[in-house]
Each structure stands twice: as structure tokens, then as C-alpha cells.
Amino acid sequence: MKVLLGLWIVAMIFLHHDLWNWTSRELVFGILPIGLAYQAFYAVLAMVTMALLVKFAWPAHLEEDIPEHPINQQEGGH
Amino acid sequence: MIPLIVIFIYLLVIAYIGSVAYKQSKNSTEDFFLAGRTIGSFVFFLSLFATNMTAFAILGSSGAAYKQGIGIFGMMAASSAFVIPFTIFFIGTRLWALGKKFGHMTQVQYFRDRWECSGIGTAIFVLSVIMLVPYLIISIKGGGIVLEEISIAKGTTNPLIPFWLGCLIVAVVVTVNVFFGGMRGVVWVNVFQTILFLLFGAVAVIVISNNLPGGLSATINQMVTDTRTGSLLSRERMPAELFGSYFLIPLSSIMFPHMAIMCLSARKMSAFKQTVIAYPIAIMAIWLPCVFLGVVGAQLIPGVQNSDTILLKLLSEYAPVWLAGLLGAGIISAVMGSDCHQVLALSTMFTKDIYEYYGGEKSKSVPFARVFIIVLTIIAYLIALVSPTSIFELAVQFAFSGFAALAPVMVAALFWRRSTKWGALASTLYVAFWLLFSGYLTNISDAIAPKPPTRAAAQVRPAGQLGAPSGINPDSVTSPMASGKPAAPKKPITSVTIPGYGGMFQRTATTVTFYGYRLVVPMVVGSAILMLLVSMLTPPPSRETVEKYFPHRA
């Protein structure tokens, strides 16, 4: 799954560069320029990507490594 | 007057929230700087988002769209919507875990411990402060400009709140909030602020659309065939190299000290889950309406000299007065949310990385931090008043590239056991060199920079004749729009090669590029290569330190 996610992340980098919309003035739903609509859709895809990362690649071990009472915790001043 | 009353009510609310936070605070550095690492998921998301949003997200984005069109959204917002949560996911969570485990409160504390270094940590500290301070100054100036603009009554030119007073109000409110409330005060205020400016865009679009004859749809459809403003609906004006290379800029986000420090304040790592998922949509909620309105503004109100005020002009033209005030409060929220975090971060860094590290009494750390906050904002305020904005705009522009180029240092520290302090030093010096070199190149090429259209040209444009906004940024101009004459398009000069460097550097109206790409490209790539090569050639930290940060898991 992590390999697929890696490939998807690389794909996201390329998907950002929508050269095919570069000079188009077409309107989506009669109001949103297609270049703007595409990039808004890209932001939604980014959200989906983050949800997939959280679901399948969450670094849970980081939290497990923390002792209940961290030994090096600084006291700070009072 | 009504917008001002609304804004002052808003400022009173901010002060009240800060005072409640003060009553709950404990007098320890961890509580003052990190709210005791107790921030819950919902507050964490709203506050982290506020940390990273400035007035640029509202005013700058619409102003840039007014000049360059819809491409601004893809270039700056959509790239950030992916890269920023991505870095929070991979870097922010790890910083949080290490901070929780070992008590770090700043990035430099972590670097010093991770690589067993002292002076190199100080070098990174100095570079970070140099890059962050201009950002703080420009934020205060931004607040002053907004209050000045909002306080101009309809039909007059004199503001009720002059620039100096606007800056003072912002500086005082920020200082009071941070001084008394510390991180707790800042994040509580952020909740209120973020909700306000998240709602800003949608409300502005709805209200303006309702008050436009035919609505926004009619205006946009009119633009499609308009020879002067139609190109704003596409990226005809935007070179693909600049668009693409901007993708690296959001790497800077997690390297900004106020963002990294904010990551340390979460109570649990699960707070990051909702944050990274919601972040892209929150960016879209702010930027999409603002960019859209900026483009529409070019059609409705042509010839605006300072395009960053286009949204304010649209509001004063097409929104009820009281609502304009409320929306103005939303803009001020964006300014102050980030401002507070910058002041707090600088105070945290000076207290932890310098004062305590070099022997200051820990019992006096919080008083030291509070005095520092006052001194810092007074200095920043005075500089904001006397210095030209352009210098700091340039410095901030460089700072984004600089922090992005420090990202390989952080990635190496977190993920590469073999990385060394010498690699970190090489990257840091390389970034410092590029910052100086960028300034030098900009300075020597000022004389040959392609000029933006003149003010006079915009002023002589006949009423009702739609033309490109003045002050257009030839960074991305591929068709002439600002002559004021309905002449046939001709290709203008958008960049000039800087002589003496083999064609490597080009100068546009506002910046220097590297073979057409932003300077962030050679900076990030070079920094990563140096980190790799120098680390491989120099001895790693002791086995104990490496084991401490990369423990073997069963």
C-alpha cells in the first residue's frame, strides 16, 4: 500500500502542472474558469491524499516511543 | 465610521480572550511558549492554520489575481494545499514526538542535540532570525495599511486612522496578547480569528454577487470575449517555469520557526490527523474566492494603482457598510494571527537558544521573554514606520526561498542517521550565500529591469474603457494590457538577461530568475546536495546520540 501511496504522491506533483488548461478560457458551470476549477479540484485531491496517508501511513510508532513521563523534559523557569 | 466601530469591537474581543487565557496560565516556559503542550485537535488545526496565513492570503492573493489572473491560485494556493500538509504529516509529527520526548521547544534545540553541535546551531538560529524579522515588520505594515484603507470614508481621501496609528494599534494588540497570554492566549484568539477569515471569502463572494447587476456570472461571461481582461481567465500571462518552480516554495512553511514551534504544542499526535486532512480545504476556502474576486475586480474596477486594495474597494462598492467592517475584521485577523506567532516564536528562540543556552537563569526565562516581546515589537514598529515597504517585500520574498532551502537540513536530521553537523553547516552557509547573492543580483539589475506600466498611463485611461490593471507584473506578462489604448496586442519584453553570468540569470520587473526558474530551485537542490556530500565526508555524531534519535524497535 505504501508503494502505491508513493506513486500517487509522485503523480500529484505532475498533476499540479495542468499544461493542457494553460490558455483555455472555458467556464465550468458557467462561472468558474477551467484553470481555476481544475486547481480547486487539485486541492480536493490533496485532501484525499492526506486522508489516505493518515489511514495507511500514519507513523503510530512515534507516539509509542514516548515514555509516559519523558525523562529529558525541561522544567523551564518559574 | 461603522467599519471602524466593528473592528474596534473585534479588537476588544481579542483583548478579552487574551485576558482569560492569562488567568489560566502557569509561570513556566513550557506553559508560556507551548501552552504546556496541551492544545487539542480542533484548536490545534485552527491555530496552525492561522500561524501560516497572513494578509497576503486575502489582500495579496486578490491583488496578484487582479494583475496576473487565475493562475495565482494554482501557483500559490493549490501547491500549498498539497505541500504544506504533506510536510506537516512527515516533519511536523516527528518534531512533535521528539519535542515531547526530549523537551525541545525550538528547532535549534533539536539540531544542537541531534548533531552534538553548539556554534552550528547558533548559525542556524542567526539565519532563521534574519529571515523571520522582515516578515514580522511587513505584517505590522500590512495591518497599518488595512486599517488606513478601511478608515477612509466614502467620498473622502483622508483616513480616520493614519498609517502610523494603524501600525501602532496592530503592534499594541499583538504585544498585549502575546505578553499576557503566551501561546495559550495566542491560540485561543486564533480560534476566533481563523473562523472569521475562513468565512470571509464565501461571505464576500455571496454579498458582492448579490449586489452586482446580473451577478458574478454575467461579469465573468463578459470577460471571456473581452480583449483586455479575458486573458486573466487563463494562464496566458504566466510562464510555466515560474508556475512550476513555485511548487518548492511551500517547503518553507514547516521551516518557519513559528510553524515548527506551533507543531510542538499539540497534546496528542492525533491532532495532526484532522489538521492535515482539513488544511487543503481551508486553503481553498480562503484563496479561491479571493482570487476569483481579484479577477472580477479587474473587470469591474480597472486601473487600480495598488492592486492589493482591490478587495477592499469591491467591498466598499458592493457590500453594506457594516458588513465591510466585519470583513475588514476578518482581514485584520489574518494579519494578527500570524503576527502573534512570529513575535512569540522569536521570543521563544531568543529565550531558549540564546538566553538559557548561554547561561541565563532559567527562573528568569519568562520575565526575560516578556521584556523581549515588548522590545521586539517596539523596534519592529519603528522600523515599519521609517523603512520603505519594498525592502521588506524583497526580504520576505528571499526568506521564503531561504526557509525552503533549509528543508533538506531538517529532512536529513529526521530521516538520515548518517547526517552530520558539517553537512548542516554547509547547507546553512550555502543558503546564506544565496540570500546575499540574490540581493546583489537584484540590486545590480535594477537599472535594466523591464519597467511596469506607468502610473500616468493608467490615469489617462478613458472612463469605462476596460484595460489591464496598472502596476502589472511583467513577471508574467505576455500581452500588453496597460497602455490605456485599445491597441492590438504586441509582445512586450518580460525579462532581460543579466550580463556577466553566461545567460544564467534573468531579471524580470520584480525578481531575478535562474534560466527562467525561481531562485528557490538552485537553492533547494544545492542545499540538498551539500547536505548529502558533506555529511558523507565528515564523521557522524556519537553512537549514543544516533541511538537516541533512531532507537531500534522490536
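Residues numbered from 1 in each chain as written. Chains lettered and ligands numbered in written order. Predicted model: local features only at pLDDT ≥ 70, side-chain atom pairs only at ≥ 80, totals over all residues.

Attention now moves to the overall build of chain B. Counting its secondary structure elements, chain B contains 21 helices and four strands. In terms of overall size, chain B behaves like a compact globule, its C-alpha atoms giving a radius of gyration of 24 Å where 554 residues would be expected to give roughly 24 Å. Along the first, second and third principal axes, the C-alpha atoms of chain B reach 75 × 60 × 45 Å. In chain B, the proportion of contacts linking residues at least 24 apart, taken out of those at least 6 apart, comes to 81%. (Helix = DSSP H or I, 4+ residues; strand = E, 2+ residues; numbered from the N terminus. Rg over C-alpha atoms; globule rule 2.2 N^0.38 Å. Contact = placed C-beta atoms within 7 Å.)

Let us now look at the overall build of chain A. Looking only at helices and strands, chain A has three helices and two strands in total. Listed N to C, the secondary structure of chain A is α-β-β-α-α in terms of helices and strands.

What follows deals with the confidence of the model for chain B. Residue and element names in this part refer to chain B. Taken over all residues, the pLDDT of chain B has a mean of 85, while the share at 70 or more is 90%. Across chain B, helix α20 (residues 520–537) holds the top mean pLDDT of 97, while helix α19 (residues 455–459) sits lowest at 38. Ignoring residues within four places in sequence, the model shows residues 453–489, a span with pLDDT below 50, making 89 contacts including any to other chains. (pLDDT = per-residue confidence, 0-100.)

Take the nonpolar core next. Residues and elements named next belong to chain B. Core analysis: the biggest nonpolar cluster contains 197 residues, and I58, I286, W287, V291 and A404 have the highest contact counts within it. Per-element tally for this core: the top contributor is helix α8 (residues 163–211), with 19 residues. The residues touching A404, leaving out its near neighbours within four places in the chain, are L248, I249, L251, S252, M255, V520 and V524. (Core = buried A, V, L, I, M, F, W, Y, C linked by C-beta atoms within 7 Å. Buried ≥ 20, exposed ≤ 12 C-beta atoms within 10 Å, placed from the backbone.)

Turning to the interface of chain B and chain A, a few remarks are in order. Counting from both sides, the interface comprises 52 residues of chain B and, opposite them, 37 residues of chain A. Listing elements by their share of the side of chain B that touches chain A, those giving two or more residues are α2 (29–34), α5 (71–102), α9 (215–224), α10 (240–245), α13 (271–300) and α16 (365–386) of chain B. If one sorts the elements of the side of chain B that touches chain A by residue count, α5(B) sits on top with 15 residues. Classifying every residue of the side of chain B that touches chain A by side-chain character gives 27 nonpolar, 15 polar and 10 charged. (Nonpolar A, V, L, I, M, F, W, Y, C, P; charged D, E, K, R; others polar.)

Further remarks concern unusual backbone geometry. All names here are of chain B. In this structure, R37 is a non-glycine residue whose phi angle is positive, near 50 degrees. When you line up the elements, R37 lands in the loop between α2 and α3 (41–52). Positive phi outside glycine occurs at E116, with the angle close to 50 degrees. Turning to its location among the elements, E116 is positioned in the loop between α6 (107–115) and α7 (119–150). Here E116 falls in the partly exposed class, since 15 other C-beta atoms lie within 10 Å of it.

Attention now goes to the sheet that holds strand β1 (residues 496–497) of chain B. Residue and element names in this part refer to chain B. If you walk across this open sheet you meet the four strands as β1-β2-β3-β4, and the pairing is antiparallel. Pairing within the sheet leaves two strands with one partner each, and these edge strands are β1 and β4 (517–518). Taken together, the three bridges between strand β2 (residues 505–507) and strand β3 (residues 512–514) define a ladder with antiparallel strand orientation. Note that in β3 the partner of F505 across the bridge is F514. Sitting on the sheet, helix α18 (residues 421–445) touches β2 and β3, and the angle it makes with β3 is about 120 degrees. (Pairing = 2+ DSSP bridges. Axes fitted to C-alpha atoms, helices over the stretch in contact; angles between N-to-C directions.)

Taking 1.5 Å of rise per residue, 30 residues should cover 44 Å, and α13(B) covers 43 Å from first to last C-alpha, within 8% of that figure. Among the 30 residues in α13(B), 24 count as buried, and that is most of the element. (Expected span 1.5 Å × (residues − 1).)

Our focus in this paragraph is the environment of B:P388. Along the polypeptide, B:P388 turns up in the loop between α16 and α17 (389–415). Sequence-wise, B:P388 and B:V295 are 93 residues apart; in three dimensions their C-alpha atoms are separated by 28 Å.

A few words now on the confidence of the model for chain A. Residues and elements named next belong to chain A. Mean pLDDT over chain A: 86, with 86% of residues reaching 70 or higher. Ranking the elements of chain A by mean pLDDT puts helix α3 (residues 60–64) last with 86 and helix α2 (residues 34–56) first with 96. Ignoring residues within four places in sequence, the model shows residues 71–78, a span with pLDDT below 50, making 20 contacts including any to other chains.

Turning next to the packing of α9(B) against α13(B). Relative orientation and spacing of two packed helices are given, respectively, by the angle between their axes and the distance between those axes. Residue and element names in this part refer to chain B. Where α9 meets α13, the axes come as close as 10 Å, and the angle between the chain directions of the two elements is 70 degrees. When the axis of α9 is compared with that of α13, the two are roughly perpendicular. Along its contact with α9, which presents L216, T219, I220, Q222 and M223, the element α13 presents V296, Q299 and L300. Looking at the contact of α9 with α13, its residues break down into five nonpolar, three polar and no charged. (Parallel < 35°, antiparallel > 145°, perpendicular 65-115°, else oblique.)

Residues and elements named next belong to chain B. Between helix α4 (residues 59–68) and α13, the least distance of the axes is 7 Å, while the angle of their chain directions is 40 degrees. Here α4 lies oblique to α13, going by the angle between them. Crossing of α4 against α13: the hand is right-handed. In this structure, α4 contributes S61, S62, G63, A64, A65 and Y66 to the contact, and α13 contributes W287, C290, V291, L293, G294, V295, G297 and A298. Broken down by class, the residue content of the contact of α4 with α13 amounts to nine nonpolar, five polar and no charged. (Left-handed = near helix turned anticlockwise from the far one by under 90°.)

Residues and elements named next belong to chain B. Tracing the chain through its elements places P162 in the loop between α7 and α8. Judged by the 14 C-beta atoms lying within 10 Å of it, P162 falls in the partly exposed class. Separated by 17 residues in the primary sequence, P162 and I145 have C-alpha atoms spaced 8.5 Å apart.

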